[in-house]
Amino acid sequence: MFRRFFLMSWMLLCAWSATVAAASTPVILILGDSISAGYGLPADSGWPVLLQRRLASEHYPYTVINASISGDTTAAGRARLDALLAQHRPAITVIELGGNDGLRGGNVDAMRQNLDAMAAAAQKQGSRVLLVGMRMPPNYGPAYVQRFDATFAEVAKARKTALVPFLFEGFADNEALFQPDRVHPLQAAQPQLLDNVWRELKPLLGPPGKS
């Protein structure tokens, strides 16, 4: 009887310890669109999953919460960010939005306001912010393309956030790494996406912990 009681107590203690450890692990929140949601990819193969694995392999004690939704615009992300911040209290917030605004020919000034508001909301909560930039193809016209591209750097400078200048850097012209829609990268491109994010994310992580 005593042994059974001891075993049950030990199991409960382990479960409690695991819960406390999970609760105390800092969170990286990813607020993105289909590129980060893994549209058209095998399950658990997108760059946010690879990020979680890299964090673990390099002994950074973070939990990745991927709150990306295919089709999201900056307006949609802005509308749901406050609830996500309250729920997860992220140490770092990665904002990967704007691509759908551009593909729909959306108002760049409105996109800038939304990105700025999201960065400000995350910073107010105490979260470090990484803004992820995107670019439009040239058929949208040079004036629109230039204004769109510049917006991410402008917001990052104004809010003093980290910035990935272009998520598809290094492979944007390689059609072999994109799905037939020429918008969504294939599984083979996910490590490159991660590398592009990692360069700017790593300085925000602090020193790695012990394994």
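The structure we're discussing is the one just above.
Report follows, based on the coordinates. (Residues numbered from 1 in each chain as written. Predicted model: local features only at pLDDT ≥ 70, side-chain atom pairs only at ≥ 80, totals over all residues. Heavy atoms only, no water.)

### Details of the packing of aromatic side chains
Between two aromatic rings, the relevant description is the distance of the centres plus the angle of the planes. Here the structure, examined in full by the defined rule, presents eight aromatic pairs. Look at Tyr140 and Tyr144: their rings are 6.1 Å apart centre to centre, the planes differ by 25 degrees, and that puts the pair in the stacked class. Under the relative-accessibility criterion, Tyr140 is labelled partly exposed at 27%. Take Tyr144: its relative accessible area is 17%, and that puts it in the buried class. (Phe/Tyr/Trp six-rings, centres within 6.5 Å; stacked < 30°, edge-to-face > 60°. Buried < 20%, exposed > 50% of the residue type's maximum accessible area, 1.4 Å probe, protein only.)

### Brief notes about the sheet that holds strand S4 (residues 128-132)
Paired through backbone hydrogen bonds, the strands of a sheet run either parallel or antiparallel to each other. Here we have five strands laid out as an open sheet, ordered S2-S1-S3-S4-S5, and parallel in their pairing. In this open sheet, the two strands that pair with only one neighbour each are strand S2 (63-66) and strand S5 (162-164). On average, each strand axis in the sheet is inclined to that of its neighbour by 20 degrees, with strand direction left out of account. Bridge count between strand S3 (residues 92-96) and S4: four bridges; the pairing is parallel. Bridge pairing in S4 places Val94 opposite Leu130. (Pairing = 2+ DSSP bridges. Helix = DSSP H or I, 4+ residues; strand = E, 2+ residues; numbered from the N terminus. Axes fitted to C-alpha atoms, helices over the stretch in contact; angles between N-to-C directions.)

### Here's the deal with helix H7 (residues 142-159)
Under the 1.5 Å per step criterion, the end-to-end length of H7 is 26 Å for 18 residues, consistent within 8% with the ideal 26 Å. Along H7, the helix axis deviates most sharply at Thr151, where the bend reaches about 30 degrees. Along H7, the positions that sit buried rather than exposed are Tyr144, Val145, Phe148, Thr151, Phe152, Val155 and Ala156. Those residues of H7 that are buried lie in contact with helix H5 (99-103), helix H6 (108-124), S4 and S5. Note on H7: the residue one or two positions beyond its end, Lys160, has a positive phi of about 55 degrees. (Expected span 1.5 Å × (residues − 1). Bend = angle between axes of the 7 residues up to and from the residue. Contact = heavy atoms within 4.5 Å.)

### Thoughts on the packing of helix H4 (residues 74-88) against H6
Orientation of H4 relative to H6, taken along the N-to-C sense of each, is 10 degrees, at an axis distance of 9 Å. Taken together, H4 and H6 sit at an angle that is classed as roughly parallel. Taken together, the residues of H6 that come into contact with H4 (itself represented by Thr74, Ala75, Gly77, Arg78, Leu81, Asp82 and Leu85) are Met111, Gln113, Asn114, Leu115, Ala117, Met118, Ala121 and Ala122. For the contact of H4 with H6, a count of residues per class yields nine nonpolar, four polar and two charged. (Parallel < 35°, antiparallel > 145°, perpendicular 65-115°, else oblique. Nonpolar A, V, L, I, M, F, W, Y, C, P; charged D, E, K, R; others polar.)

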